[in-house]
Amino acid sequence: MTSVSLRAMFLGYGNVGKALRKMIKERGEKTGLNVKIEAVVNRSGIMLEDSDNFIKNKEGGPIDALNMTNPDVIIDVSSANYESGEPSLSLYREALSRGIHVVTANKAPLALRYGEIMDLAKKHSASVGFQATVMSGTPSINLLRLMRGLKIVKIRGILNGTTNYILTRMHQGLEYDQALKEAQALGYAETNPEHDVNGFDAAAKLTILTNFAMGLNLSIKDVVFSGIENIRKSSLKDKKVKLIAYSEGRFAKVSPEEITKEDPLYNVEGVMNALDIHSDIQEVVIMGPGAGPQNAAFGLFSDIVLITKGLI
């Protein structure tokens, strides 16, 4: 197998970044991939070496690190900033304008500026891989890449594992507050779970899915969303409610919905995610984990492999 060499720069270096580094080293050779990590940049500065632990040896930010290394690919595993998309957005603009690929697990830039990012990539013959932004390593975006030629007319999905876990436990008899505390204790929910429970996270993912599947340029501001904060156990008697992300293109929404046993999303329980894609020819349903460092790392890894094979 012919090996392809890539020089990479990481933005962010938390659990997902470290999991990806390990995956590259353990699985890269088997897939014909030789990735050399030239730099890692985070809030504290720049590391110009490949190390399991971050050791700052240069001052500066993302653009400084880009200028120092001129990598082949930027790998974004930084925290999402939904106010401005920064510092990721400025880094994408600069990297793509130089023909440098971007692979990201960060939803914010694409949820805010999808069209601009994709136009820049096309103009400068660069690729943008973003499988890890939706359903993590479970192929959602990359499944849609295989469905080119079909007209996607509708998307339905369970795209947030935190809320799905809470609703599953409420269906089993817990009150909302009890289910939330349990999810937090298990690490499924953050200390501040606002973006999960109010529907925002699912709306960001739906924005990205809709734009890619239907060739649109929506912003998260175009998606109507509501969450599960006001649902109580008493309202779930003999009912199953899921937080459903739904899109027909220009109309996209996230809201709690009662679903029946005939619904393909009915038995998606716990922290699992699922996607129900309707096209003009067929319906495809997939289910899998939508979070976790290993799963997100695999989403990123698969994009890097596809880029080297010219498939993104």
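Just above sits the structure.
Residues numbered from 1 in each chain as written. Predicted model: local features only at pLDDT ≥ 70, side-chain atom pairs only at ≥ 80, totals over all residues. Heavy atoms only, no water.

Chemist: With reference to specific residues and values, describe the packing of helix 2 (residues 62-69) against helix 3 (residues 88-97).
Modeler: For the pair helix 2 and helix 3, interaxial distance at closest approach is 9 Å and the crossing angle is 25°. The angle between the axes of helix 2 and helix 3 places the two elements in the roughly parallel class. In this structure, helix 2 crosses over helix 3, and the sense of that crossing is right-handed. Two secondary-structure elements touch here, helix 2 through Pro62, Ile63 and Leu66 and helix 3 through Ser90, Leu91, Glu94 and Ala95. Residue composition of the contact of helix 2 with helix 3, by class: five nonpolar, one polar and one charged. (Axes fitted to C-alpha atoms, helices over the stretch in contact; angles between N-to-C directions. Helix = DSSP H or I, 4+ residues; strand = E, 2+ residues; numbered from the N terminus. Parallel < 35°, antiparallel > 145°, perpendicular 65-115°, else oblique. Left-handed = near helix turned anticlockwise from the far one by under 90°. Contact = heavy atoms within 4.5 Å. Nonpolar A, V, L, I, M, F, W, Y, C, P; charged D, E, K, R; others polar.)

Chemist: Explain the pattern of salt bridges residue by residue, including any values.
Modeler: Scanning the entire structure with this criterion turns up 16 salt bridges. Here lysine 56 ties to glutamate 59 by a salt bridge, and the two come within 3.0 Å at their closest N and O atoms. On the basis of relative accessible area, lysine 56 is assigned to the partly exposed category, the value being 40%. With a shortest N-O distance of 2.9 Å, glutamate 94 and arginine 98 are connected by a salt bridge. The class of glutamate 94 is partly exposed, set by a relative accessible area of 29%. Via salt bridges that share partners, Arg21, Lys25, Asp50 and Asp52 belong to a single interconnected network. (Salt bridge = Lys/Arg side-chain N within 4 Å of Asp/Glu carboxyl O. Buried < 20%, exposed > 50% of the residue type's maximum accessible area, 1.4 Å probe, protein only.)

Chemist: How would you explain the sheet that holds strand 2 (residues 33-42) if you had to name every residue and give the values?
Modeler: The strand order across the open sheet built from six strands is 3-2-1-4-5-6, with neighbouring strands paired in mixed fashion. Edge positions in the open sheet fall to strand 3 (45-47) and strand 6 (128-129), since each of these has one partner strand only. Two strands pair when backbone bridges link them, and strand 4 (residues 73-76) and strand 5 (residues 101-104) are joined in this way by four bridges, in the parallel orientation. Following the sheet pairing, valine 73 is matched in strand 5 by histidine 101. Sitting on the sheet, helix 3 is in contact with strand 1 (4-11), strand 4, strand 5 and strand 6, with an inclination near 165° to strand 4. Contacting strand 1, strand 2, strand 4, strand 5 and strand 6, helix 10 (residues 293-308) crosses the sheet at an angle of about 155° to strand 5. (Pairing = 2+ DSSP bridges.)

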